[in-house]
Amino acid sequence: VHQAGEHWAVAGSAGSLSQLPVELAADACDEMEVLQSDNWLAVPITGRTRPSEVLLVSPANAIDVAQADDIAKMLRSGLLICLEQSTLQAQVHHLQTILDLAVDWQRSQDLSELLVSMAKAATRILNGDRASIFLWDKARSQLVGHPALGVEGEPLRIRDDQGIAGSVLKSCQPERWDESGDPSAINKRVGKKLGYATNSLVAVPLLDRKQRPLGVFEVLNHRTGKFSKDDESFLVELAQHASAAVENTQHIAALVETRDRLVKSQTETLQLVGDCPQVQALRDTIERVAPTELAVLVQGENGCGKEVVARSLHLQSSRRDQQFIAVN
């Protein structure tokens, strides 16, 4: 049998089982000694330093104490080997997941798709029920879910000073919570609005290159209990990649906005002067030709404004974000 929280469960058995002596198993783990009671022999395999494992034998005289101790040592070694192997496999799986997400990011650089992939990966690996990646809308004092898995319709918006997410944003430190913690730490109004109850969660900050807060990465409701320190460490590492994606995308968006503003400014500054029918007809021709892929030949005497027409064509074309090169 092994201990899971406050309860004991059968990990494996041979033969018919009657009422198990749970108290005898607990006492054997506490004392780390072979104990006997009511025709049962309790052989401790592991103690209180980790989830307890006990070998229960009935009848008690089936093996002697020396044999029981040897069996316990053998089982203890086997369990440690299995635990190390399981830990290594989990680490490999986590690293492979992060590598796959990094490759996807380099391929697409689509922020929405990347954040959805990260949220789904975190939910799957941490055995959670749903996840949210909140970006900080500082101007409105809100955290906005991009995405909020399990929430349909409009983006999930919460105040940036409430709940675990608000606490993580403020402190820039990871936090874990379960039902044994302070119930007031959870923003129950959001859960009530969504018809969703939070039983456990792990939340970590999204930080930029200067360690300033960008938002919060949160996974909710572990399917078999509560989130561990290893779960928190994995989410911290995943959040670093999410932060880099968010920051780079925001930087690119700022550059695109600056470019569009400069192009618009040039378009407004560079105008064909005149209101006569000939100039208006030229403007109409430029508007019709500019969106096409046609090669255009502009003819006229020196100084009549051929380059002005060419620039006007360029700034109204689909290539207006590219450089205009005048060759004399």
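Everything in this summary refers to the structure shown in the same document. What you see is a predicted model; the values in this text were computed from it and never measured. (Residues numbered from 1 in each chain as written. Predicted model: local features only at pLDDT ≥ 70, side-chain atom pairs only at ≥ 80, totals over all residues. Heavy atoms only, no water.)

**A closer look at the pairing of strand 5 (residues 53-57)**
Counting buried residues in strand 5 gives 4 out of 5 residues, a clear majority hidden from the surface. Relative to strand 5, strand 4 (residues 40-46) is paired through 5 bridges, and the arrangement is antiparallel. Bridging from a neighbouring strand, leucine 41 pairs with valine 57 of strand 5. (Buried < 20%, exposed > 50% of the residue type's maximum accessible area, 1.4 Å probe, protein only. Helix = DSSP H or I, 4+ residues; strand = E, 2+ residues; numbered from the N terminus. Pairing = 2+ DSSP bridges.)

**Observations regarding the pairing of strand 7 (residues 142-148)**
With 5 of 7 residues buried, strand 7 lies mostly within the body of the structure. The pairing of strand 6 (residues 130-137) with strand 7 spans 5 bridges and is classified as antiparallel. By the bridge assignment for strand 7, leucine 135 is matched with valine 144. A loop of 4 residues connects strand 6 with strand 7, the two strands running antiparallel in sequence, and serine 141 in this loop sits at a positive phi of about 55°. Here strand 7 pairs with strand 8 (residues 157-159) via 3 bridges, running antiparallel.

**Points about the packing of aromatic side chains**
Counted under the stated rule, the structure contains 0 aromatic pairs. One residue, arginine 130, lies across the ring of tyrosine 196, its end atom 3.7 Å from the ring centre. (Phe/Tyr/Trp six-rings, centres within 6.5 Å; stacked < 30°, edge-to-face > 60°. Lys NZ or Arg CZ within 6 Å of the ring centre and 35° of its normal.)

**Some points on the sheet that holds strand 8**
Pairing within the open sheet is antiparallel, and its 6 strands lie in the order 8-7-6-11-10-9. Of all the strands in the sheet, just strand 8 and strand 9 (175-178) have a single pairing partner and so form its edges. Neighbour-to-neighbour, the strand axes of the sheet open up by a mean angle of 25°, direction not taken into account. Across 7 bridges, the pairing between strand 10 (residues 200-207) and strand 11 (residues 213-220) is antiparallel. The partner of leucine 201 across the bridge, within strand 11, is leucine 220. Running over the sheet, helix 3 (residues 111-125) touches strand 6, strand 7 and strand 11 and is turned about 140° from strand 6. Here helix 4 (residues 163-171) sits on the sheet and contacts strand 6, strand 7, strand 8, strand 9, strand 10 and strand 11; the angle it forms with strand 11, its principal contact strand, is near 145°. (Axes fitted to C-alpha atoms, helices over the stretch in contact; angles between N-to-C directions. Contact = heavy atoms within 4.5 Å.)

**A closer look at the environment of aspartate 27**
Tracing the sequence through the fold places aspartate 27 in helix 1 (residues 22-31). With 15 residues separating them along the chain, aspartate 27 and alanine 42 place their C-alpha atoms 8.8 Å apart.

**A closer look at unusual backbone geometry**
The amide bond that connects histidine 146 to the next residue, proline 147, takes the cis arrangement and shows omega of 5°. With a phi close to 60°, asparagine 127 is a non-glycine residue in the positive phi region. Looking at the element boundaries, asparagine 127 is found in the loop between helix 3 and strand 6. The backbone of asparagine 221 shows a phi angle near 55°, a positive value even though the residue is not glycine. Checked against the element boundaries, asparagine 221 lands in the loop between strand 11 and helix 6 (229-269).

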